[in-house]
Every structure is written in C-alpha cells, then in structure tokens.
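A closer look at the structure
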Amino acid sequence: MECEVYGLADVHPIKTEDLPSGKIVDQTILDANGRALFEKGSFLDDFQIEGLLRDGITELYVKEESPEEKEKPEIVIAKDVQETIDKAREADRSTVNLSENVKDRVAKGIQYLFSNSADVSFADETANVTGDLMKALESNATIAVDVGSLKVSDEYTFKHCVDVATMSMVIARRYGLDDRAVRDIGIAGLLHDVGKIKIPREILNKPSRLTEEEFSIMKQHAKYGYDMLKEKNAFNDGILMGVLQHHEKLNGSGYPGSLQGDDIHLYAKIIAVADIYDSLVTKRPYKKGFSKRDAIEIIMAMTAELDIFVMQSFFDSVILYPVDSIVSLSNGEQAKVVKNNPGFMLRPNVVGLTSGKLYKLAEDLSCASIVIL
C-alpha cells in the first residue's frame, strides 16, 4: 500500500518495527485514496503497529516526550505529611514472593510442559513446577497476592498459566481448602490451557479478533486438555474437571458442556475467576488490557456466572495497590497507600501528599465519592 505522511521535516522518523506500544502518532497517515488511516495524535498499540507493518509502512513520526515528561519531578513529602503516613501505615499481608531462581525454574518448566506434552515425565514435571509455587506460598504463610509482581515470562500463554495457577492457589487457601486441594488446584491452573497446543497456530496466534467459526474451534481447547490429561492416568478427577470446566458459568452460558450451578466442580469455579481476571488485565495484540480496577468491577458484575463465595475469596486475597505505592485520587490529589482493607481491594487507606489528610476510603462516608484513578 502506498501511503502519504505529513510529519516534521526537522526530525527523523522511527522504524515501525522498532516502535514500542503506547506511542502517539505525530503525523497523519493517508492511504492511496487520500483517506486517513491514522490522524495525528492517534495512540498506537501493538495490534495497530502490526497492521502498519502489514500495510508496508516501514517508518513514521511519533511524538517525542518533552524533557519534563522524561524527567518526572521527584515527589517531595512535607514532614508533617510523612508523620501522618508513618502513623497510619500498616504493612501488607504476606504475598506470594517468587525469587528469580524460582521464576526461572517455573518459566522453563511451563515451557517444557507445553512443548513436551507426550513425554513420560509430564506429570512429574507438572508436580515439580506446582511444588515450587507451593513452597512460595508456604514459606511466608502467604494469604494474598500482588497481581503486578508475578511475571515469569514474556510469552503470554506461559505467563497466563503461572498467573492463573498462583492466584487460584491463593484463592483456594483463602476459601479454606487443605494443602492437597491447593496443590491440585495449582496443577489444574498450570494446565488449564494445555489443550491449546492442539488448536491450529493460525487461530491461536491470530493478531485480531476471532471469527465465530474460529472461536468455536478455540473453545475446544478445554476438552482437548481434558482428553490429553485423562489418557495419562496420572491426574485425579478434581484436576481433570478443573481443566475441562474452567470456562463453564453458573447460568449455563459457558462451555464446553453448558453446565450450571453445582454441576461445575469447585476447582473449575476457582480457576474461572483467576482466568477471567488475568485475561482482562493482560494486553493482547487485538485489545488493550483493562485497568485492575475495571477488571475487578467487571468480575463484581458477574454474580450470575461466577460462584459468589469464590469471588469473595478472590476479593479478600488480591492486593491491587501495595502499601507505599502512589495513586491518583478522583479529587485531583496524589496520595500514598498506607493500608489495604481485605475485601475492599479498591478502597485502601491513603494519605494525601498535599493535604496530609488520611482518607479511609472503605469506611469513611465522607470519602464515598472519591475513587482511585
């Protein structure tokens, strides 16, 4: 495709293949018929960048950050405000902490599992990876998870499986299940998408939304995974049901069996919540990731589809805004998080960095209209 671009003559364009996601187009890009593909000021995500490359657009101009944008001013906290912060601060509950060595072992382990599903040591390697995650939970009596700190791989499928397994294990512990059940849920979480290795790669890696026909094929991954694991005679029924049913919904709108209510195994109900959350917040070529707050609110609205007790265990387990992080409030003030409130992950206690005011977002009615942006 021949395109015309309007940019600045005194700056150099950047190669499209080197363009990171999140840049702003500093030009208008027209197609051969004079129609604007992108207006100046448009935001580019990974999917749009791939589209530019497919259309033969090899370089373009993007908005350069100003020195002020590149060098964010250091936040200076007044002495009296710091005293308020220190007085109100309560450390977060113990969260999952994966050392770099463990992250490396887990990353290599999950890649091995997806590349060697027919190997005779498949079940043993699954147990090893889950054992590493279990030790991380046991080492500091973990009762919560900071969902921003789990990254073990840049490859979506591997990262997603580890995220889902870890969150599912923490939810299961909060739900009150014993160690064996927590471990089994970890195994099911790791392997919940293993059936995707039987999905055609052109569908699995498609950089745009799937057609209805393609999605019908994709939905078969749950049954494929179940069949693969059942043939090995190494996984119990709870693990198998967790893999088979993790896309089922209480109201019968899920797949592959359109099951309802108690016909869905508890393991699958737990994995479903972790799977949906991680899928919502993760950026993919065809979509932006939702903010953590928006993802939580979406799940809150799914009471007809997800188990309410599992949802509550999830809400009680997740830390979205770790203590000491800086957040922006809807009243225009920046604030430091000083305490998280279990069950109210969207509404921690924060101290305004300008006013020095302690906002108890979960319990103070005068703060009802204030939210974290």
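Presented here is an overview of the structure given in this document. (Residues numbered from 1 in each chain as written. Predicted model: local features only at pLDDT ≥ 70, side-chain atom pairs only at ≥ 80, totals over all residues. Heavy atoms only, no water.)

The sheet built from four strands is open, its strands ordered E8-E9-E10-E11 with antiparallel pairing. Whereas interior strands pair on both sides, the edge strands pair on one side only; in this sheet they are strand E8 (326-328) and strand E11 (358-360). For this sheet the average axis-to-axis angle between neighbouring strands, irrespective of direction, equals 40°. The sheet contact formed by E8 and strand E9 (residues 334-339) spans three bridges and is antiparallel. Each residue of the ladder has a partner; that of Ser 328, found in E9, is Gln 334. (Pairing = 2+ DSSP bridges. Helix = DSSP H or I, 4+ residues; strand = E, 2+ residues; numbered from the N terminus. Axes fitted to C-alpha atoms, helices over the stretch in contact; angles between N-to-C directions.)

This part takes up the packing of aromatic side chains. A full pass over the atoms with the stated rule returns four aromatic pairs. Ring centres of Phe 215 and Tyr 255 lie 6.2 Å apart, and the angle between their planes is 85°; this geometry places the pair in the edge-to-face category. With Phe 215 in helix H9 (residues 212-218) and Tyr 255 in the loop between helix H11 (237-245) and helix H12 (266-281), the pair connects residues that are 40 residues apart, well separated along the chain. Seen from their ring centres, Phe 314 and Phe 315 are 5.8 Å apart, and the 50° between their planes marks the pair as tilted. An identical accessibility class is assigned to Phe 314 and Phe 315; each is buried. By way of ring pairs, the aromatic residues Tyr 277, Phe 314 and Phe 315 are connected into one cluster. (Phe/Tyr/Trp six-rings, centres within 6.5 Å; stacked < 30°, edge-to-face > 60°. Buried < 20%, exposed > 50% of the residue type's maximum accessible area, 1.4 Å probe, protein only.)

With that settled, the discussion passes to the pattern of salt bridges. For the structure shown, the criterion picks out eight salt bridges. The residue Glu 90 makes a salt bridge to Lys 339 at a minimum N-O spacing of 3.8 Å. Taken together, the residues Glu 90 in the loop between helix H3 (79-88) and helix H4 (100-115) and Lys 339 in strand E9 connect sequence positions 249 residues apart. When its relative accessible area of 42% is taken as the criterion, Glu 90 is described as partly exposed. For Lys 339, a relative accessible area of 23% gives the class partly exposed. (Salt bridge = Lys/Arg side-chain N within 4 Å of Asp/Glu carboxyl O.)

On to a nonpolar patch on the surface. Together, Tyr 175, Ile 308 and Phe 309 give the surface a local cluster of nonpolar side chains, amounting to about 320 Å² of exposed area. Within the fold, Phe 309 resides in helix H14 (residues 308-317). (Patch = residues over 30% accessible without salt bridge, like charges linked within 9 Å, V, L, I, M, F, W, Y side chains within 5 Å. Areas by Shrake-Rupley, 256 points an atom, 1.4 Å probe, with all protein chains shown as cover.)

This brings us to the packing of H12 against H14. Where H12 contacts H14, the axes come no closer than 10 Å and their chain directions differ by 50°. For the element pair H12 / H14, the angle class is oblique. Handedness of the H12/H14 crossing: right-handed. Taken together, the residues of H14 that come into contact with H12 (itself represented by Leu 266, Lys 269, Ile 270, Val 273 and Tyr 277) are Val 310, Met 311 and Phe 314. Partitioning the contact of H12 with H14 into residue classes produces seven nonpolar, no polar and one charged. (Parallel < 35°, antiparallel > 145°, perpendicular 65-115°, else oblique. Left-handed = near helix turned anticlockwise from the far one by under 90°. Contact = heavy atoms within 4.5 Å. Nonpolar A, V, L, I, M, F, W, Y, C, P; charged D, E, K, R; others polar.)

Counting residues in each nonpolar core, the largest one holds 71 residues, and the members touching the most others are Leu 191, Ile 299 and Phe 314. Leaving out residues up to four positions away in the same chain, Leu 191 has contacts with Leu 113, Phe 122, Thr 126, Leu 229, Phe 235 and Val 243. Membership of the second largest hydrophobic core comes to eight residues, among which are Val 25, Leu 52, Ile 57 and Leu 60. (Core = buried A, V, L, I, M, F, W, Y, C linked by side-chain atoms within 4.5 Å.)

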